[in-house]
Amino acid sequence: MTLKQALNKQLANWNVLNTKLHNFHWYVKGPDFFTLHTKFEEYYTEAAGYIDQIAERILTIKERPIATLSEYLELATIQEATNNESPADMVRAIAADFEQIINESSELIQIASEQEDESTADMFIQIKTSLEQHVWMLRAYLG
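This write-up is about the structure you can find in this document. (Residues numbered from 1 in each chain as written. Predicted model: local features only at pLDDT ≥ 70, side-chain atom pairs only at ≥ 80, totals over all residues. Heavy atoms only, no water.)

## Concerning the packing of aromatic side chains
Filter applied, for reference: For Phe, Tyr and Trp, where Trp contributes only its six-membered ring, two rings pair if their centres lie within 6.5 Å, and the inter-plane angle classes them as stacked under 30 degrees, edge-to-face over 60, or tilted in between. Counting from the N terminus, the helices are DSSP H or I runs at least four residues long and the strands are E runs at least two residues long. Only protein chains enter the area calculation, which uses a 1.4 Å probe; residues under 20% of their type maximum are buried, those over 50% are exposed, and those in between are partly exposed.
Scanning the model with the defined rule gives five aromatic pairs in all. Measuring from ring centre to ring centre gives 6.4 Å for Trp 14 and Phe 98, while their planes differ by 40 degrees; the resulting arrangement is tilted. Placement of the pair is Trp 14 in helix H1 (residues 3–27) and Phe 98 in helix H4 (residues 87–114), with a sequence separation of 84 residues. For Phe 98, a relative accessible area of 1% translates into the label buried.

## Considering the nonpolar core
Counted only if it meets this: As used here, the term nonpolar core means buried Ala, Val, Leu, Ile, Met, Phe, Trp, Tyr and Cys residues forming a set that is joined through side-chain atoms within 4.5 Å. Every residue pair with non-hydrogen atoms within 4.5 Å of one another is taken to be in contact.
Counting residues in each nonpolar core, the largest one holds 44 residues, and the members touching the most others are Trp 14, Phe 40, Ile 54, Ile 94 and Phe 98. Where this core is concerned, the elements lending two or more residues are H1, helix H2 (33–60), H4 and helix H5 (118–142). The element that contributes the greatest number of residues to this core is H4, accounting for 12 residues. Beyond its immediate sequence surroundings of up to four residues, Phe 98 is in contact with Trp 14, Leu 17, Tyr 43, Leu 131, His 134, Val 135 and Leu 138.

## Considering the pattern of salt bridges
The cut-off we apply is this: Salt bridge, as applied in this entry: a Lys or Arg side-chain nitrogen positioned within 4 Å of an Asp or Glu carboxyl oxygen.
Inspection of the entire model under this criterion finds six salt bridges. Of the charged contacts in the structure, one is a salt bridge between Glu 63 and Lys 4, with a shortest N-O distance of 3.9 Å. Placement of the pair is Glu 63 in the loop between H2 and helix H3 (69–75) and Lys 4 in helix H1, with a sequence separation of 59 residues. Its relative accessible area of 33% is what places Lys 4 among the partly exposed residues. Close ionic contact of Lys 39 with Glu 42 constitutes a salt bridge, the shortest N to O distance being 2.9 Å. You can see Lys 39 and its partner Glu 42 sitting in helix H2, three residues apart, about one turn around the helix. Given the relative accessible area of 26%, Lys 39 is considered partly exposed. Using a relative accessible area of 41% as the deciding quantity, one classes Glu 42 as partly exposed.

## Focus on the packing of H1 against H5
Using the following cut-off: Angles shown run from 0 to 180 degrees and are taken between the N-to-C directions of axes, each axis being a line fitted to C-alpha atoms and, for helices, limited to the stretch in contact. Helix crossings get a hand from a simple test, with the near helix turned counterclockwise from the far one by less than a right angle marking a left-handed crossing and a clockwise turn marking a right-handed one. Amino acids outside the nonpolar list (Ala, Val, Leu, Ile, Met, Phe, Trp, Tyr, Cys, Pro) and the charged list (Asp, Glu, Lys, Arg) are all regarded as polar, and Gly is one of them.
Two elements in contact, H1 and H5, have axes whose closest approach is 13 Å; the angle formed by their N-to-C orientations is 30 degrees. Between H1 and H5 lies a crossing of left-handed hand. Between H1 and H5, the contacting residues are Leu 3, Leu 7, Gln 10 and Trp 14 on the first element and Thr 120, Phe 124, Ile 127 and Leu 131 on the second. For the contact of H1 with H5, the class distribution of residues is six nonpolar, two polar and no charged.

What follows is the structure, given as structure tokens:
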């Protein structure tokens with residue numbers, strides 16, 4: 001996989017995940033509503049920042065970021081929400097999606113390092129570090 005392909009896959013994942021986080025934010029119900037409604041908003045705000053950073057990084061290395069919904073859905077390894085998730089299912093899904101992005105970020109970091117693109121590698125090390133903490137907290141929330 002080329003660096004451009006790896007970056008565009010991450011761009012696709014974050015766009016699908018951003019929509020999924022909005023879905024969960026809007027449709028979460030029950031005793032954990034206030035906690036999860038707020039947490040999902042924090043995550044989609046973070047996702048929006050990553051979307052912009054990744055797209056601008058792709059442009060910076062003189063490549064073209066994908067920019068259509070059909071391209072995002074075609075390349076993403078993150079699945080859309082089903083609208084049938086319980087609050088606990090939502091938390092499990094987000095933790096699993098973050099873990100997927102962590103794993104793919106590790107691959108991307110290796111590709112970027114091999115191409116001596118330390119700026120891209122550093123960007124994804126930071127993203128990966130943030131997501132690792134989120135996964136820990138989400139798993140703790142689930143008990």
